[in-house]
Amino acid sequence: MTDIPKIRLSSITCSDRRMDIVDTNIILDTPINKYEISCNACHFPNIDKTPNPYYIAKGRDFSGIEIMEADLGNLFISNRLKKIFEILFPNQCTYEKTFIDKTEIPTKWWLAIPSHTIISGEVKDNVKRCEKCNQPLHAHPGTQYKFWLDDFEASFDIIKAENWICTDSYDWKKTWIGRDVYLSVRLIFLLKKISAKGIYQNAFSKFKKLTKTEKDWIEQAMETIGGLCQNAKKEITKETIEKFKRFYSITDNGELAPAQFEKKFKISANEIVKNICNIKCETEINIGFESPFIVEPIENWKSTKTKARLIAFAFDDFGNHLLFNPKDKNCPLYLYDHETMLYDLIQESILNLTEK
Ligand SMILES: [Zn+2]
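Everything numeric in this text was worked out from a predicted model, so none of it was measured. (Residues numbered from 1 in each chain as written. Predicted model: local features only at pLDDT ≥ 70, side-chain atom pairs only at ≥ 80, totals over all residues.)

## What about the sheet that holds strand 6 (residues 75-77)?
What links the strands of a sheet is backbone hydrogen bonding, and the strands pair in either a parallel or an antiparallel sense.
Consideration 1: Taking strand neighbours across the sheet as the criterion, the 5 strands line up as 4-7-8-6-5 in an open arrangement whose pairing is mixed. The open sheet has two free edges, formed respectively by strand 4 (54-56) and strand 5 (67-69), since each of these has just one partner strand. Sheet twist, expressed as the mean angle between neighbouring strand axes with direction ignored, is 35°.
Consideration 2: The pairing of strand 6 with strand 8 (residues 106-114) spans 3 bridges and is antiparallel. Within strand 8, the residue paired with I77 across the bridge is W110.
Consideration 3: The sheet contacts of helix 1 (residues 79-88) involve strand 5, strand 6, strand 7 (93-100) and strand 8, and relative to strand 8 the element is tilted by about 30°. (Pairing = 2+ DSSP bridges. Helix = DSSP H or I, 4+ residues; strand = E, 2+ residues; numbered from the N terminus. Axes fitted to C-alpha atoms, helices over the stretch in contact; angles between N-to-C directions. Contact = placed C-beta atoms within 7 Å.)

## Comments concerning the nonpolar core
Consideration 1: Among the nonpolar cores identified, the biggest contains 38 residues, and I67, M68, L75, F76 and I77 are the most heavily contacted of them.
Consideration 2: Counting 27 residues, the second-largest nonpolar core is a separate cluster that includes F293, I298, L310 and L333. (Core = buried A, V, L, I, M, F, W, Y, C linked by C-beta atoms within 7 Å. Buried ≥ 20, exposed ≤ 12 C-beta atoms within 10 Å, placed from the backbone.)

## Some thoughts on helix 2 (residues 185-193)
Consideration 1: Three or more residues of helix 2 are buried, namely V185, R186, L187, I188, L190 and L191.
Consideration 2: Residues of helix 2 that are buried sit in contact with strand 1 (7-14), strand 5, strand 16 (181-184), strand 17 (199-201) and helix 3 (212-225).
Consideration 3: Two residues or fewer past helix 2, S195 is found with a positive phi of approximately 55°.

## Some points on unusual backbone geometry
Consideration 1: Omega for the peptide link from N52 to P53 comes to 5°, which places this bond in the cis form.
Consideration 2: Locating P53 in the fold gives a position in the loop between strand 3 (30-31) and strand 4.
Consideration 3: Notably, K102 is not glycine yet its phi reads approximately 60°, a positive angle.
Consideration 4: With respect to the element layout, K102 can be found in the loop between strand 7 and strand 8.
Consideration 5: The exposure class of K102 is exposed, given the 12 C-beta atoms found within 10 Å.
Consideration 6: The phi dihedral of E282 falls on the positive side, at around 75°, and the residue is not glycine.
Consideration 7: Along the chain, E282 falls in the loop between helix 6 (271-277) and strand 18 (284-285).

## So, the domain arrangement of the protein chain
Consideration 1: By domain assignment, the protein chain separates into domain 1 (7-229) and domain 2 (238-354).
Consideration 2: Computed over C-alpha atoms, the centres of domain 1 and domain 2 are 36 Å apart. (Domains from an automatic or database assignment.)

## Focus: the environment of Y35
Consideration 1: Within the secondary structure, Y35 sits in the loop between strand 3 and strand 4.
Consideration 2: Expressed as a C-alpha distance, the spacing of Y35 and Q144, which sit 109 residues apart in the sequence, is 25 Å.
Consideration 3: Those residues in contact with Y35 that sit more than four places away from it in its chain are P45, N46, I47, K49 and P51.

## Section: the packing of helix 1 against helix 3
Consideration 1: Two elements in contact, helix 1 and helix 3, have axes separated by 10 Å at closest approach and are oriented at 115°. It follows that helix 1 is roughly perpendicular to helix 3 by the angle criterion. Considering only the axes of helix 1 and helix 3, their crossing is right-handed. Note on element contacts: helix 3 touches helix 1 through A221, T224 and I225, opposite I84, I87 and L88.
Consideration 2: Among the residues forming the contact of helix 1 with helix 3, the class breakdown is 5 nonpolar, 1 polar and no charged. (Parallel < 35°, antiparallel > 145°, perpendicular 65-115°, else oblique. Left-handed = near helix turned anticlockwise from the far one by under 90°. Nonpolar A, V, L, I, M, F, W, Y, C, P; charged D, E, K, R; others polar.)

And the structure:
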């Protein structure tokens with residue numbers, strides 16, 4: 001038997017405010033994606049069949065982080081981390097695009113679904129089970145489990161728990177269920193090194209310090225991923241601006257419209273804002289919403305009263321509009337949904353609209 005070096009893994013935690021779980025008036029922790037039901041007696045969902053398309057709740061603007069827990073042992077990751085995972089851990093995850101709830105608007109997040117699972121705990125024998133499918137009717141992690149692993153050794157870097165837990169001690173349907181996800185200690189420390197924020201190693205993990213082998217692996221991994229170590233905010237280059245101008249047929253480079261903008265909002269117009277000001281009225285902006293947004297003349301643009309002032313410049317017939325943040329040099333693009341009255345970040349930079 002060959003001695004395969006074992007990889008140390010820990011469960012992870014992240015912010016309580018989740019992207020695919022919301023609190024409703026009736027029930028806390030409701031998944032916004034609907035799972036297939038696998039048993040018609042206890043209504044237990046098919047937890048291994050991830051819904052597709054996969055939605056993210058409205059009003060979840062998590063800029064500045066790149067990795068989050070998703071429902072049932074999956075992860076949300078940025079495009080940079082997807083590239084890194086594909087290089088360092090091929091075939092350990094499958095990836096799905098994500099969309100803003102009930103729309104076809106893509107978000108910047110990938111859903112990463114770990115391919116490998118582990119039994120990280122076992123429900124006690126005295127917990128009642130469904131007579132038809134044998135799933136426990138509840139599985140509280142503290143009191144109803146025989147054992148529970150916070151960390152272990154295995155041959156992969158990304159693994160999710162096969163088993164599930166619920167917070168209610170009598171009926172999982174009262175809240176919702178969860179599954180743990182485990183990352184290798186070396187990956188957790190690599191994420192720290194490359195400033196990919198969003199998750200934490202379980203506070204009770206025994207694996208707090210890196211071994212020499214893990215340190216060496218991290219150094220090697222950083223060499224392998226090269227430029228991806230840098231969390232470079234998208235560079236605003238002459239080319240990307242030129243591409244934007246061509247895409248929206250901006251021919252006027254005049255200062256008139258930018259001056260009108262500056263006078264109206266008392267905000268100085270940066271390079272990108274100047275170009276937005278020079279988009280011709282009536283230009284259609286299509287972001288995958290039901291209907292395109294129409295750019296209005298600057299006299300009809302509106303400013304929000306939010307802390308970071310956003311400027312609405314393109315509108316549809318239903319009361320939804322597109323906004324940009326003029327004080328951020330990348331000019332991120334937001335969508336206002338008139339039904340929910342929430343603003344959603346849809347592009348880190350308005351320049352990304354030209355990437356299809
Ligand atoms: Zn059942």
